[in-house]
Amino acid sequence: MSRYSKKDIIRMVEEEDVEFIRLQFTDIFGMLKNVAITSSQLSKALENRCMFDGSAIEGFVRIEESDMYLYPDLDTFEIFPWRPQQGKVARLICDVHRPNGEHFEGDPRYVLKKVLKQAAEMGYTFQVGPECEFFLFHTDEEGRPTTNTHEMAGYFDVGPIDMAENVRRDIVLNLEDMGFEIEASHHEIAPGQHEIDFMYGDGLTTADNVMTFKMAVKTIAKRHGLHATFMPKPKAGVNGSGMHINMSLADQNGKNVFEDESDRLGLSREAYQFMAGILAHIREITILTNPLVNSYKRLVPGYDAPVYIAWSGSASRSSMIRIPSSRGESTRIELRCPDSAVNPYLAIAVCLAAGLDGIRNQMEPPESVDVNIFAMGEDEIKARGIAQLPETLGEALEAFKGSQFAREVLGEHIYTKYLKAKEAEWKKFRAEVTDWEVEEYLYKY
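If you're wondering where the values come from, they're calculated on a predicted model, not measured in any experiment.

Reading the values: rules and limits
- Residues numbered from 1 in each chain as written.
- Predicted model: local features only at pLDDT ≥ 70, side-chain atom pairs only at ≥ 80, totals over all residues.
- Heavy atoms only, no water.
- Helix = DSSP H or I, 4+ residues; strand = E, 2+ residues; numbered from the N terminus.
- Rg over C-alpha atoms; globule rule 2.2 N^0.38 Å.
- Buried < 20%, exposed > 50% of the residue type's maximum accessible area, 1.4 Å probe, protein only.
- Expected span 1.5 Å × (residues − 1).
- Polar contact = N/O pair within 3.5 Å; in protein donor to acceptor, adjacent residues only side chain to side chain.
- Disulfide = S-S within 2.5 Å.
- Patch = residues over 30% accessible without salt bridge, like charges linked within 9 Å, V, L, I, M, F, W, Y side chains within 5 Å.
- Areas by Shrake-Rupley, 256 points an atom, 1.4 Å probe, with all protein chains shown as cover.
- Salt bridge = Lys/Arg side-chain N within 4 Å of Asp/Glu carboxyl O.
- Axes fitted to C-alpha atoms, helices over the stretch in contact; angles between N-to-C directions.
- Parallel < 35°, antiparallel > 145°, perpendicular 65-115°, else oblique.
- Left-handed = near helix turned anticlockwise from the far one by under 90°.
- Contact = heavy atoms within 4.5 Å.
- Core = buried A, V, L, I, M, F, W, Y, C linked by side-chain atoms within 4.5 Å.
- Pairing = 2+ DSSP bridges.
- Bend = angle between axes of the 7 residues up to and from the residue.
- Phe/Tyr/Trp six-rings, centres within 6.5 Å; stacked < 30°, edge-to-face > 60°.
- Lys NZ or Arg CZ within 6 Å of the ring centre and 35° of its normal.

Visitor: Which parts of the structure should I look at to understand the overall build of the protein chain?
Guide: For the protein chain, the helix and strand inventory stands at 12 helices and 17 strands. At 22 Å, the protein chain has a C-alpha radius of gyration in line with the 22 Å of a compact globule built from 445 residues. Here the C-alpha coordinates of the protein chain stretch approximately 70 × 55 × 50 Å along the principal axes. Here the protein chain, with 445 residues, has 55% of them falling under the buried criterion.

Visitor: For this particular structure, what's the right way to read helix α8 (residues 344-360)?
Guide: Helical geometry note: an α-helix holds 3.6 residues per turn, so side chains three or four residues apart project in the same direction. Here α8 is 17 residues long and its end C-alpha atoms lie 24 Å apart, about the 24 Å a rise of 1.5 Å per residue gives. Counting buried positions along α8 yields 16 of 17 residues, so the element is predominantly enclosed. Sitting at the amino-terminal end of α8 is N343, which places a side-chain oxygen 3.1 Å from the backbone nitrogen of Y345. Once α8 ends, the next one or two residues include Q362, with phi positive near 50 degrees.

Visitor: I'm lost on the state of the cysteines in this one. Help?
Guide: Note on terminology: a disulfide is the covalent bond linking the sulfur atoms of two cysteines. By the definition in use, this model includes 0 disulfides. With no disulfide of its own, C94 has C50 as its nearest cysteine by sulfur position, at a separation of 8.1 Å. According to the relative accessible area criterion, C94 is buried, its value standing at 1%. Here C351 stays free of any disulfide, with the sulfur of C337 as its closest cysteine sulfur at 7.1 Å. Exposure remark for C351: the relative accessible area of 1% places this residue in the buried category.

Visitor: Honestly, a nonpolar patch on the surface in this entry has me stumped. Any pointers?
Guide: Taken together, V433, V438, L442 and Y443 make up a surface patch of nonpolar side chains, about 480 Å² in accessible area. Checked against the element boundaries, V433 lands in the loop between α11 (404-430) and α12 (435-441).

Visitor: I would appreciate a short explanation of the packing of helix α6 (residues 269-289) against α11 in the present structure.
Guide: For any two helices packed against each other, the geometry is given by the interaxial angle and the distance between the axes. At a minimum axis separation of 11 Å, α6 and α11 run at an interaxial angle of 45 degrees. On the basis of their axis angle, the class for α6 and α11 is oblique. The way α6 lies across α11 gives a crossing that is left-handed. On the side of α6, the interface is formed by H281, E284, I285, I287 and L288, while α11 contributes F405, A406, L410, Y418 and K422.

Visitor: Got a minute to help me understand the pattern of salt bridges in this structure?
Guide: Oppositely charged side chains can form a pair if their charged atoms are brought close together. Applying the stated criterion to the full structure yields 24 salt bridges. Ionic pairing is found between E425 and K422, a salt bridge with its closest N-O pair at 2.8 Å. Separated by 3 residues within a single helix, E425 and K422 lie in helix α11, roughly one turn from each other. The partly exposed category is assigned to E425, whose relative accessible area is 24%.

Visitor: Could you clarify how one ought to interpret the environment of G385 in this entry?
Guide: Note that G385 resides in the loop between α9 (378-383) and β17 (387-388). Placed 99 residues apart in sequence, G385 and T286 show a C-alpha to C-alpha distance of 19 Å.

Visitor: What should I look at first to understand the nonpolar core in this one?
Guide: The tendency in soluble globular proteins is for nonpolar side chains to be buried as a group. The biggest cluster of nonpolar side chains holds 98 residues, and the ones touching the most others in it are F213 and F274. The element that contributes the greatest number of residues to this core is α8, accounting for 12 residues. Sequence-distant contacts of F274, that is, excluding residues within four places in its chain, are made with F126, M247, L249, F258, I333, C351, L352, G355, L356 and I359. I9, I37, C50 and L70 belong to the second-largest nonpolar core, a separate cluster that totals 22 residues.

Visitor: Help me understand the pairing of strand β9 (residues 193-198), please; the structure alone is not making it clear to me.
Guide: Residues in a regular strand project their side chains so that they alternate between the two faces of the sheet. Counted residue by residue, β9 has 6 buried out of 6 residues, so it is predominantly covered. Both faces of β9 are covered, namely the face carrying Q193, E195 and D197 and the face carrying H194, I196 and F198. When strand β7 (residues 125-138) meets β9, the two strands line up antiparallel, connected through 5 bridges. Within β9, the position partnered with F134 by the bridge is H194. Turn length for the strand β8 (residues 182-187)-β9 hairpin, with the two strands adjacent in sequence and antiparallel, is 5 residues, and the turn residue G192 shows positive phi of about 85 degrees.

Visitor: When you look at unusual backbone geometry in this model, what are you seeing that I'm missing?
Guide: Even without being a glycine, D304 presents a positive backbone phi close to 65 degrees. Position of D304 among the secondary structure elements: in the loop between α7 (295-298) and β13 (308-309). Exposure remark for D304: the relative accessible area of 38% places this residue in the partly exposed category.

Visitor: Sorry if this is basic, but what is going on with the environment of K233 here?
Guide: Mapping K233 onto the fold places it in the loop between β11 (226-229) and β12 (243-250). Placed 134 residues apart in sequence, K233 and P99 show a C-alpha to C-alpha distance of 41 Å. If sequence neighbours within four positions are ignored, K233 has contacts with V238, N239, G240, N294, K297, R298 and Y303.

Visitor: In this structure, what is going on with α11? I would like to understand it.
Guide: Across its 27 residues, α11 extends only 27 Å between first and last C-alpha, which sits more than 12% below the 39 Å expected from 1.5 Å per residue. Along α11, the sharpest change in direction is near 120 degrees and occurs at G411. If you check the start of α11, you find a side-chain oxygen 3.4 Å away from the backbone N of F405, and it comes from S403.

Visitor: Hey, could you run me through the packing of aromatic side chains in this one?
Guide: The geometry of an aromatic ring pair comes down to the distance between the two centres and the angle between the two planes. All told, the structure shown has 18 aromatic pairs when counted by the stated rule. Judged by centre distance (6.1 Å) and plane angle (65 degrees), the ring pair of F213 and F230 falls under edge-to-face. A residue pair is termed long-range when its members are at least 10 positions apart, and F213 in helix α5 (residues 203-223) and F230 in the loop between β11 and β12 qualify at 17 residues. Of the two residues examined, F213 and F230, each falls in the buried class. Residues F400 and Y418 carry aromatic rings whose centres are separated by 5.9 Å and whose planes lie at 65 degrees to one another, so their mutual orientation is edge-to-face. On the criterion of sequence distance, the pair formed by F400 in helix α10 (residues 393-401) and Y418 in helix α11 is long-range, its members being 18 residues apart. For F400, a relative accessible area of 0% corresponds to the buried category. The class of Y418 is buried, set by a relative accessible area of 3%. Aromatic rings pair up to connect F134, F180, F198, F213 and F230 into one cluster. Note that K214 overlies the ring of F230, its terminal NZ or CZ placed 5.5 Å from the centroid.

Here it is in C-alpha cells:
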C-alpha cells in the first residue's frame, strides 16, 4: 500500500513551501541524475509527463531514440533538510519509461523490480541491510578533493582523536530528518574512514536509500569543507571501503525464512540454498559488486576484505560470506565482497537472483570454513577446493562476458552496454603508466 497519493504530494509541497522538486533517477553505473522542476510543474510531473534526453546519459539510448519519461514513485517524496527553509527543495525518485509507456529496460531500478517480483511469486520478500563505508578528505585551496587527512584515528575511536565526529553527527541528523532509522555510526579502521549503518528494509527501499545516503554524505561533507568519497581504495596501504550486504528472506506473514532452530547453526534449508546460489554465481557477478579497476585494489589479503569464495558459520571475517551471530528474526547472511562504488539496484538484483536460483535448483553450499583462510597455505586452500574472487577488473570481465545468468538478470540492454563500458575502462587502464611503475623501473632499466 502506498504512503502518499498525488493529492498528498501537492498538499505537502504547498504546506511546506517547497519551491523546487528534483526528479531523480540512476544510470547503469550507479550515478545519481536528476531533472529539477519548480512547484508550478508538479502536476505535470505527477502525471508522468516530464521528459528528458536519454541519449545524454551514458549507457541509456542512442540519439535517434532519445525521449524518455520520468514516472515518480510517490512514496519516495522527501524534503532535503540541508536546503533553505524558505523555498525548500524536495525530491522524488523516478522510474524511467519509453514514450509508449513501457518500462525502459536500461533503468537499473526496473531490473531490481523484476527480480523482486520473481521473489514475490515464490512467496518471499527480500530484506537487505547495507553497511556503508566512506572516506572524508580535505580539499585543496581551489576546493578540489585530495587524499589528505589530518586525523590518525582508527576503529571505533572517539573525539578528539576522531576529528570528524561532528561531521558524522550532522550526516546522521540530516538522514534521520529524511526518515532514515540509523542503527550505528563510527570511525572505521583507516584514518579518515567512516561507517554509518541504517535499518534494513525491502530490496527496493534499501537501494533507494543507498543512493540517498551517498548524496547526503557528499553534501554534508562539503558543507564542512571536506570531500566524501565512496571510491573503494583511495589510498594504498590502508583498508578500502566496502558495502557489506546483509540479506534475508521473509515469508508472506513476515517471518524470517532463514531461521530454523532445529539446525545446528540455526539456518533453514532455504538459507543454505540461497547462500549456495550466491557462491555458485559470484565470479560472474563480481563486476557488479566490485565495478571499478580500483575495486580490486581492495580485494587483497591483509586489509579485512575477502579474497576467497567461502562461507563461515562461525562468523569468520576471512570468508566472503559469514553468518552473523544473532539468530531468530535477525538470522541473515552477510556478503562481504561488495564495495562502496556499487550500483545498489544492480548489485542487490544479482545477489537476490543468485540466491533464488540456489533455492529453485536446491543447491548445496560447500563445507563451512571456520578458520582464518589467510593463514592457510596454498596447498590447503587447493585441497579444500576454495576458489578465489577475480583479482582484476579484466578477470571479472571474462567471467561476466561468458555469463548467461548475468545476461538474463540484467537484460540484453544493460548487459551489453555495461560490458562495453567496462571493456573500455579496462583497456584504458591497461594503457596507463602508473607512478608505481615509474618509481619501480625508471632507474633500473
